[in-house]
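# Structural description and commentary
Here is what each chain is made of, one letter per residue.
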Amino acid sequence: MPSNPVYPIVWRDDRVLLIDQTRLPHNYTVVEIKCCEDMARAIRTMIVRGAPAIGVAAAYGMYLGARDIKTADRETFVTELEEVAKLLRQTRPTAVNLFWAIARMLKTAHETIGSVDQLKTALLVTAQGIQVEDLEICKAIGDNGLAAMPATPEKLCILTYCNAGSLATAGYGTALGVVRSTWREKRLARIYACETRPRLQGAKLTAWECVQEGIPVTLITDNMAAHCMHQGLIDAVMVGADRIAANGDTANKIGTYSVALLAKAHNIPFFVAAPLSTVDFDLPTGDLIPIEERHPSEIYQIGETVTCPTGVEFYNPGFDVTPAELISAIITEKGAMRPEELQQFRVKQLA
Ligand SMILES: CSC[C@H]1O[C@H](OP(=O)(O)O)[C@H](O)[C@@H]1O
């Protein structure tokens, strides 16, 4: 079983160890990743998932691919590294962290002076740096989110959606990072975790993380969220993000938009927790965010059971976009801010 806290990605003895998230919560298994092809497969099949975690995994995937490039010629090396980048870019389209991490690794390759071996060393250092940075950013997001929580006399009940926890990051989590900081400061009563159909990351991953750490968690089906809000059970909603457009429109797991509309209707604060690296300043609005289409079997297959007759068609978008006007605040490592305040942090994106 895992150490506490949980780290989904570990660099050890010259290979990457990943918690296989497709087997949680009942089987805790670790897979070894020794080449970029295996890392690409791990991202595509969601052995590792969650925007920041995908970025860290892709960074290590770039290093593993670089390590296998045989040439000593620098120009040939960089050309072949671009092929590694292309393989990793094709894994999943929505989380901007994937593209940002790949771009950052390529920047290291272009800017490092020295032999091919020295480039390879610099690439490993960059990947490890991205991982360490993300963990520190998540802890800052957690504490900034705590500060942004409603100042109720009672302990808070927070509704979460999907999994934006340690498993989705280098550790600690973004939305669940806020939950952890609130729990640490004894400001949290419990979370209400939406199971998050169809992949059930809330039921399988968020609930698992909370049980591991003794954080009280009530699991609900997604269609119970409105009722819980109407019953006065929810003080705040906290979700993660896969890509935030320059105006604050936010792509997150399918169903997040619905929860945001419900929160608005019940006058409950709706927070997005994400690192600034998740903001894509090159996209002015959220309707331009690429939305991943996933296999229909996620809809019709539950365990061994097929839930519908043959002859139906399916639509399985993995994400939806919550308009900025439904978001109370975006909680970043630089603090909690209104969506329109993101512009002050506009940097030339690497992705
Ligand atoms: C900390 S961002 C987590 C974010 O990523 C998840 O998507 P997936 O599990 O498909 O990678 C989900 O949208 C989470 O909110």
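Residues numbered from 1 in each chain as written. Predicted model: local features only at pLDDT ≥ 70, side-chain atom pairs only at ≥ 80, totals over all residues. Heavy atoms only, no water.

Okay, the overall build of the protein next. Across its full length, the protein holds 10 helices and 16 strands. In terms of C-alpha radius of gyration, the protein reaches 20 Å, essentially the compact-globule figure of 20 Å for 351 residues. In terms of its C-alpha atoms, the protein occupies a principal-axis envelope of roughly 65 × 50 × 40 Å. When the 351 residues of the protein are sorted by exposure, 56% land in the buried category. For the protein, contacts bridging at least 24 residues in sequence account for 76% of all contacts bridging at least 6. (Helix = DSSP H or I, 4+ residues; strand = E, 2+ residues; numbered from the N terminus. Rg over C-alpha atoms; globule rule 2.2 N^0.38 Å. Buried < 20%, exposed > 50% of the residue type's maximum accessible area, 1.4 Å probe, protein only. Contact = heavy atoms within 4.5 Å.)

This paragraph deals with the site of the ligand. As a matter of local geometry, the ligand sits amid 18 residues, with Arg92, Gln201, Asp242, Asn252 and Lys253 nearest to it. Here Gly50 contributes a backbone N or O atom positioned 2.8 Å from an oxygen atom of the ligand. Gln201 has a polar side-chain atom sitting 2.8 Å from an oxygen atom of the ligand. Starting from 410 Å² of accessible surface for the ligand in isolation, the protein chains cover 100%. Two domains share the shell around the ligand, each providing at least three of its residues, namely domain 1 (9–137) and domain 2 (142–350). (Near = heavy atom within 4 Å. Polar contact = N/O pair within 3.5 Å; in protein donor to acceptor, adjacent residues only side chain to side chain. Areas by Shrake-Rupley, 256 points an atom, 1.4 Å probe, with all protein chains shown as cover. Domains from an automatic or database assignment.)

Let us look at the UniProt feature "active site" (unreviewed entry) in the protein. The feature "active site" (unreviewed entry), as given by UniProt, occupies Asp242 in the numbering adopted here. When you line up the elements, Asp242 lands in the loop between β7 (236–239) and β8 (243–245). Apart from residues no more than four positions distant in its own chain, Asp242 is found in contact with Ala51, Thr94, Ala95, Val96, Asn97, Ala251, Asn252, Lys253, Thr278 and Phe319. (UniProt positions renumbered as here; feature names shortened; annotations may be inferred.)

Attention now goes to the domain arrangement of the protein. As assigned here, the protein comprises domain 1 (9–137) and domain 2 (142–350). A separation of 25 Å is found between the C-alpha centroids of domain 1 and domain 2. On the domain 2 side, the residues contacting the 30 residues of domain 1 number 30 residues. A combined buried area of about 2,600 Å² lies between domain 1 and domain 2, and 61% of that area is made up of carbon and sulfur atoms. Put simply, domain 1 and domain 2 have 1 salt bridge between them. Contributing elements (two or more residues each) for the side of domain 1 that touches domain 2: α2 (51–67), α4 (96–111) and α5 (116–148). Considering every element that reaches the side of domain 1 that touches domain 2, the biggest residue donor is α4, with 7 residues. A per-class count over the side of domain 1 that touches domain 2 returns 17 nonpolar, 7 polar and 6 charged. (Buried area = accessible area lost by both parts, 1.4 Å probe. Salt bridge = Lys/Arg side-chain N within 4 Å of Asp/Glu carboxyl O. Nonpolar A, V, L, I, M, F, W, Y, C, P; charged D, E, K, R; others polar.)

Here we take up the pattern of salt bridges. Scanning the model with the defined rule gives 19 salt bridges in all. Glu298 is the salt-bridge partner of Arg294, the closest N and O atoms lying 2.7 Å from each other. Since its relative accessible area comes to 15%, Arg294 is described here as buried. Residue Glu298 is classed as buried on the basis of its relative accessible area of 11%. Salt bridges linked by common partners bring Arg92, Arg199, Glu292, Arg294 and Glu298 together as one network.

Let us now look at the packing of α2 against helix α3 (residues 74–89). Two numbers describe how α2 lies on α3: the axes approach to 9 Å, and their chain directions differ by 140 degrees. Comparing their axes, α3 and α2 come out oblique. The handedness of the crossing between α2 and α3 comes out as right-handed. On the side of α2, the interface is formed by Ala58, Gly61, Met62, Gly65 and Ala66, while α3 contributes Phe77, Leu81, Val84, Ala85 and Leu88. Counted by class, the contact of α2 with α3 contains 8 nonpolar, 2 polar and no charged residues. (Axes fitted to C-alpha atoms, helices over the stretch in contact; angles between N-to-C directions. Parallel < 35°, antiparallel > 145°, perpendicular 65-115°, else oblique. Left-handed = near helix turned anticlockwise from the far one by under 90°.)

Further remarks concern the sheet that holds strand β4 (residues 156–161). Read from one edge to the other, the open sheet built from 7 strands follows the order β6-β5-β4-β7-β10-β15-β16, with strand pairing classed as mixed. Edge strands, defined here as strands with exactly one partner in the open sheet, are β6 (217–220) and β16 (335–337). Direction aside, neighbouring strands of the sheet carry axes that sit 25 degrees apart on average. Against the sheet, α5 contacts β10 (270–273), β15 (329–332) and β16, and its axis sits at roughly 145 degrees relative to β15. Contacts from helix α9 (residues 256–265) reach β4, β7 and β10 within the one sheet, and its direction differs from that of β10 by about 145 degrees. (Pairing = 2+ DSSP bridges.)

Glancing now at the sheet that holds strand β1 (residues 9–12). Taken together, 3 strands build an open sheet; the order of strands is β1-β2-β3 and the sheet is antiparallel. Each edge of the sheet is formed by a strand with only one pairing partner; in this case those strands are β1 and β3 (30–33). Across the sheet, the mean angle separating the axes of adjacent strands is 25 degrees when strand polarity is ignored. As paired elements, β1 and strand β2 (residues 15–19) share 4 bridges and run antiparallel to each other. Its bridge partner being in β2, Trp11 is matched across the sheet by Val16.

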